[in-house]
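A closer look at the structure
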Amino acid sequence: MLEPFDPGLIATLRAARSLTILTGAGISAESGIPTFRDSLVGLWNTIDLEQVATLAGYLQQPEAVWGWYQAHRQQMLDVQPNAGHIALAQLEQHIPTVTIITQNIDGLHQRAGSTKVVELHGTINTVSCSAAKHGSLAWPDSPSLPLCAVCGAPMRPDVVWFGERLDLVKIQAAELASQNCDVFLAIGTSGLVAPAATFPMTARAYRARLIDLNLEDTPLSRHARHRLRGTAAQLLPALVA
Ligand SMILES: CC(C)NC(=O)[C@H](Cc1c[nH]c2ccccc12)NC(=O)[C@H](CCCC/N=C(/NCCC(=O)O)S[C@H]1O[C@H](COP(=O)(O)OP(=O)(O)OC[C@H]2O[C@@H](n3cnc4c(N)ncnc43)[C@H](O)[C@@H]2O)[C@@H](O)[C@H]1O)NC(=O)OCc1ccccc1
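Residues numbered from 1 in each chain as written. Predicted model: local features only at pLDDT ≥ 70, side-chain atom pairs only at ≥ 80, totals over all residues. Heavy atoms only, no water.

Labelled according to an unreviewed UniProt entry, the chain appears under the name protein acetyllysine N-acetyltransferase, originating from Herpetosiphon gulosus.

Below, the structure is given as structure tokens:
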């Protein structure tokens, strides 16, 4: 039985004109995609981050990293958006402006019907040349590492790896959405990766009300006006109802 929400929180959401949401791996956990830091099955506990999520690791062994992302992508295609993703998409009918800034590359927000999604760390659905900017292509279903048709260099997933610069257009969109919202909702993120973790602070600096939804406290929690403890797929539908 869910704890009744603090009436102040419901009033805050009902009165919101512009809501910005930051999501992390926690919102996709109940769809069956493991989070990164989960003590047991967290991705970073089962694979070497340096090997798979850095350009250096990729250039050292592109075949192995391609294979890992090929499997990771199949897992993301095989799952469905959960009640948490769907509730956020429904919020667009109640609040004039809803912007989702996601750290997730799984595309589940868009599959749930959300129309304004900033994929800060890229997407698992396209690839591009690892040597030069020849533009992005749809993900080719090839078990082996595809090569660039223009220059023959290995293709790579269109995800942002550690130490790589984020797309400036996306950073500006996320910054603007954080500056111009009256409510900011952080969902299922450990708040440990920059610059993603800075946007809730920007929103607070611009006087938005910060709400933190997570299973546990994170470095973001002490800055939040409201802390919701529980799972995204359980709490978000109740929050939207
Ligand atoms: C580790 C961290 C310290 N490092 C960084 O932040 C670095 C910068 C940096 C380096 N050293 C530093 C020292 C200090 C500060 C920063 C740095 N950042 C970068 O490198 C960024 C790039 C960062 C992006 C990396 N790519 C990802 N992903 C794509 C790939 C892929 O996904 O395969 S990051 C990846 O990990 C992060 C994981 O975090 P979360 O999503 O929050 O997931 P996590 O598992 O940690 O937590 C889940 C939470 O959910 C909760 N939860 C679980 N289940 C549920 C549930 N059911 N319901 C609700 N909540 C739930 C849990 O309790 C938990 O709190 C996400 O961002 C995710 O995208 N680039 C850059 O800074 O470039 C500069 C630059 C400038 C100019 C020129 C060149 C370079």
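**Quick look at the site of the ligand**
Condition: Each residue is tested against the molecule or strand, and it is near if at least one of its non-hydrogen atoms lies within 4 Å. Polar contacts, as used here, are pairs of N or O atoms within 3.5 Å; protein pairs need one atom able to donate a hydrogen and one able to accept it. Residues neighboring in sequence count only if both atoms are side-chain atoms. Under the convention used here, a 1.4 Å probe and the Shrake-Rupley method define accessible areas, while residue burial counts only the protein chains that appear. Side-chain classes follow a simple rule in which Ala, Val, Leu, Ile, Met, Phe, Trp, Tyr, Cys and Pro form the nonpolar group, Asp, Glu, Lys and Arg form the charged group, and the remainder, Gly included, forms the polar group.
Every one of the 32 residues lining the ligand counts as a neighbour, but Arg 37, Val 160, Gly 163, Ser 190 and Ala 194 are closest to it. Between Thr 189 and the ligand, the recorded distance is 2.8 Å, taken from a side-chain N or O atom to an oxygen atom. Contacts to the ligand include Glu 216, whose side-chain N or O atom sits 3.3 Å from an oxygen atom. Its free accessible area being 1500 Å², the ligand has 74% of it covered by the protein chains. A class-by-class count of the residues in the shell around the ligand yields 14 nonpolar, 13 polar and five charged.

**A word on the side chain of Thr 20**
The line we're drawing: Helix and strand definitions follow DSSP, with helices as H or I runs of at least four residues and strands as E runs of at least two, each counted in order from the N terminus. Note on classification: 1.4 Å probe, protein chains only; a residue is buried when its accessible area is under 20% of the maximum for its type, exposed when over 50%, partly exposed between these limits. Contacts are assigned to residue pairs with any non-hydrogen atoms lying within 4.5 Å of each other.
Here Thr 20 lies in strand E1 (residues 18-23). Residue class for Thr 20 comes out buried when judged on its relative accessible area of 1%. With residues up to four places along the chain from it excluded, the contact list for Thr 20 reads Thr 99, Ile 101, Ala 177, Ser 178, Cys 181, Val 183, Phe 184 and Leu 185.

**A word on the sheet that holds strand E4 (residues 122-129)**
To keep it simple, the criterion reads: Any two strands between which DSSP finds at least two bridges are classified as paired. Geometry is summarised by axes, namely lines fitted to C-alpha atoms with helices restricted to the contacting stretch, and by angles between N-to-C directions that run from 0 to 180 degrees.
Pairing is antiparallel across the open sheet formed by three strands, whose spatial order is E5-E4-E6. The open sheet has two free edges, formed respectively by strand E5 (136-138) and strand E6 (155-159), since each of these has just one partner strand. Strand-to-strand twist in this sheet, taken as the mean axis angle between neighbours without regard to direction, amounts to 50°. Pairing between E4 and E6: four bridges, direction antiparallel. Looking at E6, one finds that Val 127 is bridged to Pro 157.

**Concerning the sheet that holds strand E3 (residues 117-119)**
Taken together, six strands build an open sheet; the order of strands is E3-E2-E1-E7-E8-E9 and the sheet is parallel. Two strands lie at the open edges of the sheet, namely E3 and strand E9 (226-229), each paired on one side alone. Along the sheet, successive strands turn relative to each other by an average axial angle of 15°, direction set aside. Bridging between strand E2 (residues 97-102) and E3 involves three bridges; their strand directions are parallel. What sits directly across from Ile 101, in E3, is Val 118.

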